[in-house]
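The primary structure of each chain is shown beneath.
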Amino acid sequence: MIWSIEREDRVDLKRKPILWGLDKDELFFGCFVLFVGIVKGGPELDIIPPAMSKLLLIIGILPMCIKILRTSYTKNEWFIIIFMGLLAIISTLFTHRLGLMLVIVMILGAKNMKVSRILNMFLTLQVVTFLIAVIPQVIKLALGGTVNGILYENRDIYGVVEVTDQFRISLGYGHPNALQQNVCFLSILLICCMSHEIKKWQIALITVFNLSFYFLTYSNTGLTIYLLFLLFYFIWRYNKTFINMIGKYSPYIFILLTAVNILIVACFTGSTWMMKLDSIMVGRLHWAHEFMMSLGFAFGGRDIAEANIGYEYLDNGYVFLLLRYGVIIFVLYIIAVYKLLSYLYRKNQLLAIIVIGVVHVYFIMENFMLAGLYNLTYIYLAPALYEVSYFRKDG
């Protein structure tokens, strides 16, 4: 049974550190996370030239290939590897995108990796991308220059609070939402890495950090997701009974969230409540509906650019995955997350369930489900896939 938790054989994690407390395999994995993450992980940075991006991609992928070749896999795991490999190849041929391929390479290479190590590597990636994007812009300002990525918009906050002008700054990212997403995930990962030792004043500083960047980006989604995580984090710390109930039913909540999201998009009309909801979501429901009606459903997915609707951005992650990668990949992803949430509940990993939950709320507004190094779900997928748990017993 692939998802069973009663497996007897366990991998020996006693290794010899080489650099920064990491052994050879962990360094290989870390190179992949860092270099591939900078180029293809999520919100691409404006300041990295194309030639440098290709070089970083090669530097990241080669060590991961070496790690995979050095790793021993069981017969069942080889079956999984072959299946996922074929799936990645077919998906890449159909979609001409590397998203799923990079996700599967990361999952294959994550065997024998401690979750705490992966969390720290993902946190390092967020810090590095943040510094690469922000520091040059700060230097520009200090020298009397102007920053890149200033977007002017006339809109309301959450479609409710009236604001006439918003000068949104992205500081080296492709869009202000990407900057706030980076800040949001950096904060979530920092709290997770320090979850048992972090003080309230430290959380307060992290929250001020988020709010400060919100008034640069005016990215409602990024701030909302951080505050939602913070709410459930405090519930996790001080009300284990309630959060345990949430964890127990989290697989069904996830299925319900997915179904309701797809159903609302498919049945979107001009009714008052739907228009109000669409206003809060800055038009994302309306445009997701237009894409869905234009492209329809396909097993292998279709190019989003084929939708001739006068708009090019499909931000709803669930709809993007369904239309761009097809019904098969969409269903497999939903099953994988459902199984993962069930596994994590059995392992009493309630904080991990919270992280996965808020990330999938984020996907209603953004479409980085297959951005393997920014979808935090994949941090926890490898231990479940390989039936080996490297979690702390207290979650």
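Refer to the structure printed above.
Residues numbered from 1 in each chain as written. Predicted model: local features only at pLDDT ≥ 70, side-chain atom pairs only at ≥ 80, totals over all residues. Heavy atoms only, no water.

**Student:** Where do I start with the overall build of the protein chain in this structure?
**Tutor:** From N to C terminus, the protein chain includes 14 helices and two strands. Looking at the protein chain residue by residue over its 395 residues, the buried ones come to 52%. Expressed as a percentage of contacts within the protein chain between residues at least 6 apart in sequence, the contacts between residues at least 24 apart total 71%. Only carbon and sulfur atoms are counted for the fraction: they give 68% of the accessible area of the protein chain, which is about 18,800 Å². (Helix = DSSP H or I, 4+ residues; strand = E, 2+ residues; numbered from the N terminus. Buried < 20%, exposed > 50% of the residue type's maximum accessible area, 1.4 Å probe, protein only. Contact = heavy atoms within 4.5 Å. Areas by Shrake-Rupley, 256 points an atom, 1.4 Å probe, with all protein chains shown as cover.)

**Student:** Explain the layout of surface pockets to me, please; I cannot follow it from the model alone.
**Tutor:** Where empty space is left in the structure can be found by rolling a water-sized probe over the atoms. The computed volume of the second largest pocket comes to approximately 540 Å³. By residue number, the principal contributor to the lining of the second largest pocket is helix α12 (residues 317–346), which donates seven residues. Here the residues of the lining of the second largest pocket are counted per class, giving 21 nonpolar, one polar and one charged. (1 Å grid on protein atoms, 1.4 Å probe; cavity = no way out; pocket = protein on both sides within 12 Å on 5 of 7 lines; lining within 4 Å. Points joined across faces, edges and corners; volume = space filled by probe spheres on them. Nonpolar A, V, L, I, M, F, W, Y, C, P; charged D, E, K, R; others polar.)

**Student:** Where do I start with the packing of helix α6 (residues 176–193) against helix α7 (residues 200–217) in this structure?
**Tutor:** Where α6 meets α7, the axes come as close as 9 Å, and the angle between the chain directions of the two elements is 175 degrees. In terms of orientation, α6 lies roughly antiparallel with respect to α7. Counted together, Pro176, Leu179, Gln180, Val183, Cys184, Ser187, Leu190 and Ile191 of α6 and Ile206, Phe209, Asn210, Phe213, Tyr214 and Thr217 of α7 form the full contact between these two elements. Residues belonging to the contact of α6 with α7 are distributed by class as follows: ten nonpolar, four polar and no charged. (Axes fitted to C-alpha atoms, helices over the stretch in contact; angles between N-to-C directions. Parallel < 35°, antiparallel > 145°, perpendicular 65-115°, else oblique.)

**Student:** Could you clarify how one ought to interpret the packing of α7 against helix α8 (residues 220–238) in this entry?
**Tutor:** As a packed pair, α7 and α8 sit with axes 9 Å apart at the nearest point and diverge in direction by 165 degrees. By the criterion of interaxial angle, the relationship of α7 to α8 is roughly antiparallel. Handedness of the α7/α8 crossing: left-handed. Here α7 contributes Lys200, Ile203, Ile206, Thr207, Asn210, Leu211 and Tyr214 to the contact with α8, which in turn contributes Asn220, Leu223, Tyr226, Leu230, Tyr233, Phe234, Arg237 and Tyr238. For the contact of α7 with α8, the residue count by class is ten nonpolar, three polar and two charged. (Left-handed = near helix turned anticlockwise from the far one by under 90°.)

**Student:** Sorry if this is basic, but what is going on with the nonpolar core here?
**Tutor:** Judged by nonpolar contacts, the single largest core of 123 residues is most densely connected at Ile188, Phe229 and Tyr380. With sequence-adjacent residues up to four places away left out, Phe229 is seen in contact with Ile188, Ile191, Cys192, Leu351, Ile354, Val355 and Val358. (Core = buried A, V, L, I, M, F, W, Y, C linked by side-chain atoms within 4.5 Å.)

**Student:** What should I look at first to understand the packing of aromatic side chains in this one?
**Tutor:** The way to describe two aromatic rings as a pair is by their centre distance and the angle between their planes. Per the stated rule, a full pass over the model turns up 19 aromatic pairs. Aromatic side chains Tyr311 and Tyr313 sit 5.8 Å apart centroid to centroid with 80 degrees between the ring planes, which places their arrangement in the edge-to-face category. Tyr311 gets classed as partly exposed once you look at its relative accessible area, which sits at 30%. Here Tyr313 falls in the partly exposed class, since its relative accessible area comes to 49%. Note on Phe320 and Tyr325: the rings are 6.5 Å apart at their centroids and 65 degrees apart in plane angle, and the pair reads as edge-to-face. For Tyr325, a relative accessible area of 4% translates into the label buried. The structure contains a cluster of three or more aromatic residues connected by ring pairs, namely Phe229, Tyr233, Phe234, Trp236 and Tyr238. (Phe/Tyr/Trp six-rings, centres within 6.5 Å; stacked < 30°, edge-to-face > 60°.)

**Student:** For this particular structure, what's the right way to read α12?
**Tutor:** Counting along an α-helix, one turn takes 3.6 residues, and residues three or four places apart therefore face a common direction. For α12, built from 30 residues, the straight-helix expectation of 44 Å at 1.5 Å per residue is missed by more than 12%, its first-to-last C-alpha distance being only 28 Å. The largest bend along α12 measures about 130 degrees and falls at Gly326. Its side-chain oxygen 3.1 Å from the backbone nitrogen of Tyr318, Asn316 forms the N-cap of α12. (Expected span 1.5 Å × (residues − 1). Bend = angle between axes of the 7 residues up to and from the residue. Polar contact = N/O pair within 3.5 Å; in protein donor to acceptor, adjacent residues only side chain to side chain.)

**Student:** What is the right way to look at the pattern of salt bridges in this model?
**Tutor:** Where charged atoms from two side chains of opposite charge come close, those side chains can pair. All told, the structure shown has six salt bridges when counted by the stated rule. The salt bridge partner of Arg117 is Glu26, with a shortest N-O separation of 3.5 Å. Of the two residues, Arg117 sits in helix α5 (residues 115–142) while Glu26 sits in helix α1 (residues 24–40), which places them 91 residues apart along the sequence. On the basis of relative accessibility, which here comes to 6%, the residue Glu26 falls in the buried class. Each of the salt bridges in this network shares a partner with another, and the network as a whole consists of Arg284, Asp315 and Glu366. (Salt bridge = Lys/Arg side-chain N within 4 Å of Asp/Glu carboxyl O.)

**Student:** What is the right way to read the state of the cysteines from this model?
**Tutor:** Covalent bonding between the sulfur atoms of two cysteines defines a disulfide. Tallying each qualifying case throughout the model produces zero disulfides. Free cysteine: Cys192, not disulfide-bonded; nearest cysteine sulfur from Cys193 at 6.9 Å. (Disulfide = S-S within 2.5 Å.)

**Student:** How do you make sense of a nonpolar patch on the surface when you look at a structure like this?
**Tutor:** A contiguous nonpolar patch, built from Trp78, Ile82, Leu86, Ile89, Ile90, Leu93 and Phe94 and spanning about 760 Å² of accessible area, is present on the exposed surface. Here Trp78 is to be found in helix α3 (residues 75–95). Judged by relative accessible area, which is 45%, Trp78 ranks as partly exposed. (Patch = residues over 30% accessible without salt bridge, like charges linked within 9 Å, V, L, I, M, F, W, Y side chains within 5 Å.)

**Student:** I would appreciate a short explanation of unusual backbone geometry in the present structure.
**Tutor:** A negative phi angle characterises most non-glycine residues, just as the trans form characterises most peptide bonds. If you check the backbone angles, Asn112 has positive phi at about 75 degrees while not being a glycine. By the secondary structure assignment, Asn112 is in the loop between α4 (99–109) and α5. Phi angles above zero are rare outside glycine, and Tyr218 is one such case at about 50 degrees. Residue position: Tyr218 is located in the loop between α7 and α8.

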